[in-house]
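Listed below, chain by chain, are the residues.
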Amino acid sequence: MNKDLLMWDETLFKDPDLFELDHIPEYFAHRESQMQALMYCVRPAMRGARPVNAFCIGPPGTGKTTAIHKLFEEIEKSTPKVIPVHINCQTNSTRFTVYSRIYKKLFNIAPPSSGVSFQKINEKITSHLADEEKILVAVLDDINYLMHEGEHDKVLYSLLRAHETNPGARIGVINILSDTGMGFHFDPKVESVLLAEEIKFPRYTGDEIRDILINRNKLGFYNDVVGPDVMDKVVEYTELLGDLRVGIDLFKRSGLNAERRASRTIELEDVDKAYETSRLVHLTYLLKSLKNEEKTLLELICKHTEIKTGELYNGFHDKTGLGYTRYYETLEKLSALKLINASFTGKGTRGRSRIITLRYSADEITKRLS
Ligand SMILES: Nc1ncnc2c1ncn2[C@@H]1O[C@H](COP(=O)(O)OP(=O)(O)OP(=O)(O)O)[C@@H](O)[C@H]1O
Ligand SMILES: [Mg+2]
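The model shown is predicted, which means the values in this text are computed figures rather than measured ones.

**Student:** What's the story with the environment of tyrosine 103 in this structure? I'm lost.
**Tutor:** The residue tyrosine 103 is located in helix H3 (residues 95-107) in this model. On the basis of relative accessibility, which here comes to 9%, the residue tyrosine 103 falls in the buried class. C-alpha of tyrosine 103 to C-alpha of histidine 128: the two residues are 25 residues apart in sequence and 9.9 Å apart in space. Setting aside residues up to four positions removed in sequence, tyrosine 103 forms contacts with Asn108, Ile109, Ala110, Pro111, Ile121, Lys124 and Ile125. A distance of 3.2 Å separates a polar atom in the side chain of tyrosine 103 from a polar atom in the side chain of lysine 124.

**Student:** Explain the site of ligand 1 to me, please; I cannot follow it from the model alone.
**Tutor:** Around ligand 1, the structure places 23 residues, and the nearest of them are Ala29, Lys64, Thr66, Ser178 and Tyr204. At a separation of 3.0 Å, an oxygen atom of ligand 1 approaches a polar side-chain atom of arginine 245. Burial of ligand 1 by the surrounding chains reaches 97%, relative to a free accessible area of 630 Å². Counting residues per element, the ones that place at least two in the shell around ligand 1 are helix H2 (64-78), helix H9 (206-220) and helix H11 (244-260). Residue composition of the shell around ligand 1, by class: 11 nonpolar, seven polar and five charged. Built from parts of two domains, the shell around ligand 1 gets at least three residues from each of domain 1 (32-200) and domain 2 (204-287).

**Student:** I keep staring at the sheet that holds strand S5 (residues 197-200) and nothing clicks. Help me out?
**Tutor:** Hydrogen bonds along the backbone pair up the strands of a sheet, which may run parallel or antiparallel. What the five strands build is an open sheet, ordered S2-S3-S4-S1-S5; its pairing is parallel. Sheet topology places strand S2 (82-88) and S5 at the edges, where each strand pairs with a single neighbour. Each adjacent strand pair in this sheet contributes to an overall mean axis angle of 15°, direction not counted. Docked against the sheet, helix H1 (residues 32-46) engages strand S1 (54-58), S2, strand S3 (135-141), strand S4 (170-178) and S5, running at close to 150° with respect to S5. Contacts from H2 reach S1, S2, S3 and S4, with the element oriented near 160° to S2.

**Student:** What is the right way to look at the pattern of salt bridges in this model?
**Tutor:** Two side chains that carry opposite charge are able to pair once their charged atoms sit near each other. Under the counting rule described, the total for this entry stands at 19 salt bridges. Put simply, lysine 200 and glutamate 198 hold a salt bridge, and the shortest N to O gap is 3.1 Å. Here aspartate 249 makes a salt bridge to arginine 253, at a shortest N to O gap of 2.7 Å. Linking aspartate 249 with arginine 253, this pair stays in helix H11, spanning four residues, or about one helical turn. Here aspartate 249 falls in the buried class, since its relative accessible area comes to 5%. Among the residues examined, arginine 253 registers a relative accessible area of 30% and is labelled partly exposed. Salt bridges sharing common partners tie together Arg261, Glu269 and Asp270.

**Student:** Hey, could you run me through the domain arrangement of the protein chain in this one?
**Tutor:** Accessible area lost on assembly of the parts is the figure often given for the size of an interface. Each assigned domain of the protein chain is listed here: domain 1 (32-200), domain 2 (204-287) and domain 3 (292-369). Each of domain 1 and domain 2 was reduced to a C-alpha centroid, and the two centroids are 34 Å apart. Between domain 1 and domain 2, the contact holds five residues from the first and seven residues from the second. Overall, the association of domain 1 and domain 2 removes approximately 460 Å² of surface from exposure, summing both partners, and the carbon and sulfur fraction of that is 53%. Where domain 1 touches domain 2, the interface holds zero salt bridges.

What counts and what doesn't
Residues numbered from 1 in each chain as written. Chains lettered and ligands numbered in written order. Predicted model: local features only at pLDDT ≥ 70, side-chain atom pairs only at ≥ 80, totals over all residues. Heavy atoms only, no water. Helix = DSSP H or I, 4+ residues; strand = E, 2+ residues; numbered from the N terminus. Buried < 20%, exposed > 50% of the residue type's maximum accessible area, 1.4 Å probe, protein only. Contact = heavy atoms within 4.5 Å. Polar contact = N/O pair within 3.5 Å; in protein donor to acceptor, adjacent residues only side chain to side chain. Near = heavy atom within 4 Å. Areas by Shrake-Rupley, 256 points an atom, 1.4 Å probe, with all protein chains shown as cover. Nonpolar A, V, L, I, M, F, W, Y, C, P; charged D, E, K, R; others polar. Domains from an automatic or database assignment. Pairing = 2+ DSSP bridges. Axes fitted to C-alpha atoms, helices over the stretch in contact; angles between N-to-C directions. Salt bridge = Lys/Arg side-chain N within 4 Å of Asp/Glu carboxyl O. Buried area = accessible area lost by both parts, 1.4 Å probe.

Here it is in C-alpha cells:
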C-alpha cells in the first residue's frame, strides 16, 4: 500500500467549520478602527442614553457582518440593558417583517402573522423598551434589499422616531450597506434624524488577506496540507475579486478536491479547479446589490452570446422606458463590476459600436437573478 495516499477514513481538515461562510472567526484582525468606531457609537447606550447611529459601508466580503457579531458579543458581555438585534434584510425586506424580527427578539415569540397592524407591533415594542428601561440597537444588515423594495426610508423613519410614539423608547440604528458602487439615497427627512457616523470597510490589502488566510489555514487544515505556492495562489485569486469569502471557499473546495485524489497535500490544480466554483460565491453577492434596471440589462445580455450596444439599447429602452444616458451608465456599471466585457468592434465607420459579452456563464447569472 502507498502510504503517501490518504486513507478513506482520513481527512485533511482539522476543523471543517473554519471554512464555512457563517463561521464567526476568533481571530478578527485588521478591523480595529472599525470596531473602535462601532463601540464609540454604542457606548452612550451603556450609560442609558440613546446610541449614536452608524452607517457601515464597504464592498462584499470585507468583514461588516462579522464586525457586528463581534460587537454583539461585547454588548452581551457588558450589560443586559442594551438589546442588540441583527436584522438580515435579505430575508426581512419590508417594514412589517423587520419589526417582526425585533418583536421576536424582545418577546421570544413571533407576532401574530395576521390581523395585527404595524402600529400595534410598534406600540408594543416601544412601550416594552420604555417600561423595562432597555435600549435597542437595531442593525439593518444588507440594507440594499430594503432599498430594492423601496422600504428603507419607511423603516428608518419609524425606528428613528420611536420616541415620538413613546418618549421613553430609545433606539439606535446601525445600517450596513454592501457597496458595489451603485450609490444610494435616503429621504432628506430621514437623513436629518439619522445623522449617522460613517464607518468605512475598505477592501483588504493583499497582505491582510494573506494574514487572515494563513490563520484560517493553521486552524482549519492539518500541518503541511497547504504549501507556500498554494497559499500564494489562493491569496492571488482572493485579491482579484476582493471578497474574502472567495479565499475561504477556495480552501474548502481545494481541500475536498485533494481528498478526492487521495492526496495528503493540496496542489495548484486543486485550487484552479476550485476557483471555477468559488468565484461564483462572489457572483452571488455581487448580483444581490444590483438595481432593477441593472438586472434587466444583464438579463437581456444573458439572452445573447454577444450583442452590439445599439441593438441592446433598443431592448433596454423597450423594457424600462429609460433613455440613452441611463443605458450608458448602467452598461458602464456592469462593466466596472466585471460582469461583462465591452469591447470596440473596430469595424465599420461607426467606430464607437461595442460588442458586449458576459464574463460569467448566462446560466449561472440567470439562476441567481430569479
Ligand atoms: N478580518 C477578518 N478576519 C477573519 N475573517 C474575516 C475577516 N473579515 C471577514 N472575514 C470572513 O470573511 C467572510 C465574509 O465576511 P463578512 O460576512 O463579515 O463580509 P461582509 O462585509 O458582511 O460582506 P457582504 O457585504 O457581502 O455582506 C466571513 O466568512 C468572515 O468570517
Ligand atoms: Mg454581510
